[in-house]
Amino acid sequence: MATVPAAAPKQEGDTKAYKFGDIEILLTPNELGVYTAIHIPNLSRRPMFFSITVRVTGPRGYAVTMKREFPSVLPGDSGRDAGLLISKDKAPVPTDPTVQIVAFEQVGS
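Residues numbered from 1 in each chain as written. Predicted model: local features only at pLDDT ≥ 70, side-chain atom pairs only at ≥ 80, totals over all residues. Heavy atoms only, no water.

Enquirer: Residue-level account of the confidence of the model for the protein chain, with values.
Expert: Within the protein chain, residue pLDDT values average 92, and 94% of them lie at 70 or more. Per-element mean pLDDT across the protein chain ranges from 92 in strand S1 (residues 10-12) up to 97 in strand S4 (residues 34-41). (pLDDT = per-residue confidence, 0-100. Helix = DSSP H or I, 4+ residues; strand = E, 2+ residues; numbered from the N terminus.)

Enquirer: Report on the sheet that holds strand S3 (residues 23-29), specifying residues and quantitative values.
Expert: A sheet is described by the order of its strands in space; here 5 strands give the open sequence S1-S2-S3-S4-S7, paired in antiparallel fashion. Each edge of the open sheet carries a strand with a single partner, namely S1 and strand S7 (78-85). Mean inter-strand twist for the sheet, computed between neighbouring axes without regard to direction, equals 15°. Examined bridge by bridge, strand S2 (residues 15-20) and S3 share 5 bridges and lie antiparallel to one another. Each bridged residue has a counterpart across the sheet, and for Lys19 the counterpart in S3 is Glu24. (Pairing = 2+ DSSP bridges. Axes fitted to C-alpha atoms, helices over the stretch in contact; angles between N-to-C directions.)

Enquirer: Before we move on, could you go through the environment of Val99 and cite the residues and values that matter?
Expert: Note that Val99 resides in strand S8 (residues 98-108). Along the primary structure Val99 and Lys10 are separated by 89 residues, whereas in three dimensions their C-alpha atoms are 13 Å apart. Once you skip the residues sitting within four places of it in the chain, Val99 turns out to touch Tyr18, Phe20, Ile25, Leu27, Val54, Arg55 and Val56. (Contact = heavy atoms within 4.5 Å.)

Enquirer: Account for the packing of aromatic side chains, with residues named and values stated.
Expert: Overall, the coordinates contain 2 aromatic pairs when judged by the stated rule. An angle of 20° between the planes, with centres 6.4 Å apart, marks the rings of Tyr18 and Phe20 as stacked. Note on accessibility: Tyr18 and Phe20 belong to one class, buried. Plain terms: the ring middles of Phe50 and Phe104 are 6.1 Å apart, the flat faces sit at 25° to each other, and that makes the pair stacked. Of this pair, Phe50 sits in strand S5 (residues 48-57) while Phe104 sits in strand S8, and the two are 54 residues apart along the sequence. (Phe/Tyr/Trp six-rings, centres within 6.5 Å; stacked < 30°, edge-to-face > 60°. Buried < 20%, exposed > 50% of the residue type's maximum accessible area, 1.4 Å probe, protein only.)

Enquirer: Give a detailed account of the nonpolar core, specifying residues and quantitative values.
Expert: For soluble globular proteins, the rule of thumb is that nonpolar side chains tend to be buried together. In terms of nonpolar packing, the biggest core is built from 22 residues, with Ile25, Ile52, Val54 and Val99 touching the most fellow members. For this core, the secondary structure elements donating two or more residues are S2, S3, S4, S5, strand S6 (63-73) and S8. With 5 residues, the single largest contributor to this core is S5. Setting aside chain neighbours within four positions, we find Val54 in contact with Ile25, Ile38, Val64, Thr65, Met66, Val99, Gln100, Ile101 and Val102. (Core = buried A, V, L, I, M, F, W, Y, C linked by side-chain atoms within 4.5 Å.)

Enquirer: Before we move on, can you summarise unusual backbone geometry with the specific residues and values?
Expert: Both trends apply: most residues other than glycine have a negative phi, and most peptide bonds are in trans. Phi is positive for Arg60, close to 60°, though the residue is something other than glycine. Even without glycine at this site, Lys90 takes up a positive phi of about 60°. As for its position among the elements, Lys90 is in the loop between S7 and S8.

Printed below as a string of structure tokens:
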């Protein structure tokens, strides 16, 4: 699993869309933090378990890690989840955040 995007993210308004193979991660900064949405499609022919940990960063110390698990994603379906990431250190919210995949696990159910 690649930990850096293969290409530059696409930007639509304030939202940046990163692609890591088939995994898509959307980042939208707001006044509280960075809204982070993850989309992982199951392209196999059997149910899959996915676990992903991402790290969203920006200048001036903003760094927040988010882990999500998708226990039983059916074939042809997708694991989707989102959350607002707020810096515990009260670092300023970046207007141009970046994301990297720290860990990814995929296991057949």
